[in-house]
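# Chains, contacts and geometry: an overview
If you want the building blocks of each chain, they are given just below.
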Amino acid sequence: MSDREQVLDRIRQALGSRPDGEANPVHPVSRTYAHQHGDRTPAETMALLVQTLEEYKATVHRTIPARAAELVARLVAERESAYVIVPPGLPDDLLKLVGCRIERESADLTARRLDTFGSVVTGCALAIAETGTIVLDAEPDQGSRKLTLVPDHHLCIVYEQQIVGSVPQAIARLSPTRPMTWISGPSASSDIELNRVEGVHGPRHLDVLVVAET
């Protein structure tokens, strides 16, 4: 039997039908791939997230909760942002040391007005270690989708309990009814000659602050 015939035969078995029209017993499809990396420790999963984020040219910073506000202030200052926009539900404690003007997102915020902000600071829904992906789902600590697409610098805060190993694990924790944005590194695209251009579809600079107890 050729490779093609084997593939088609397996499809027919999964669908429960045969070429002669008779019914086949339906064979269960294995879903073990969804949990095949479930044996990583939390520390290994976090280390993998840092590695994959950096491969996508994001800048990763690890810290503890007591130092998070200090690091947020330093990263904003390094970008020399005069104005910072934040979602309505981002905790004040994370912003208490920021030295420039901070504004909360409001319903009447336009893209033109948003373009005047140098940085945006948000939380996230979760982060996927294997793919280096940050997922936002418009919760109050993340704001609307446009909030993270217009400013040139996005600082995203990820807590250790928000880190999952794989995409199937992420899907199991996310609500399909919420608007989601999946971010893998800073915005980048390539022209016809494969020259990389950053900042075309979103921020050119992505800082990820990973907050863990140790």
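Whatever comes next refers back to the structure up there.
All residue numbers refer to positions counted from 1 along the written sequence of the respective chain. In keeping with the model being predicted, local features are shown solely for residues with a pLDDT of at least 70 and side-chain atom pairs are shown and tallied solely at 80 or more, while totals for entire chains, interfaces and linings include all residues. Only heavy atoms go into the side-chain values, all of them from the structure, while hydrogens and water stay out.

### Let's talk about the environment of P140
By the element assignment, P140 lies in the loop between β6 (133-136) and β7 (153-159). A relative accessible area of 47% means that P140 is categorised as partly exposed. Sequence separation between P140 and G89 is 51 residues, and the spatial gap between their C-alpha atoms is 4.3 Å. Once residues within four sequence positions are removed from consideration, P140 is found in contact with P87, P88, G89 and L90. Only DSSP runs of H or I covering at least 4 residues are called helices, and only runs of E covering at least 2 are called strands; the numbering of each starts at the N terminus. Accessibility here uses a 1.4 Å probe with only protein chains present; expressed as a share of the type maximum, an area under 20% marks a residue as buried, one over 50% as exposed, and anything in between as partly exposed. Contact between two residues is taken to exist if any of their heavy atoms lie within 4.5 Å; hydrogens are not considered.

### A closer look at the sheet that holds strand β4 (residues 119-122)
Only strands that DSSP links by at least two bridges are regarded as paired with each other. Taken in spatial order, the six strands line up as β1-β12-β7-β4-β2-β3 in an open sheet, and their pairing is parallel. A single partner strand is all that each edge strand has here, and the edge strands are β1 (59-63) and β3 (101-104). Taken pair by pair, the neighbouring strands of this sheet meet at an average axis angle of 20°, ignoring direction. To get an axis, a line is fitted to the C-alpha atoms, and for a helix only the part in contact is used. The angle between two axes follows their N-to-C directions and goes from 0 to 180 degrees.

### Here we look at the pattern of salt bridges
One speaks of a salt bridge when a side-chain nitrogen belonging to Lys or Arg is within 4 Å of a carboxyl oxygen belonging to Asp or Glu. Tallied over the entire structure, the rule returns ten salt bridges. Among the ionic pairs, R101 bridges to E103, the shortest N-O distance being 3.7 Å. R101 sits in the partly exposed class, given a relative accessible area of 48%. Overall, the relative accessible area of 16% leaves E103 in the buried class. A salt bridge links E103 to R113; the nearest nitrogen and oxygen atoms lie 2.7 Å apart. Linking E103 in strand β3 with R113 in helix α4 (residues 111-114), this pair joins segments that are ten residues apart in sequence.

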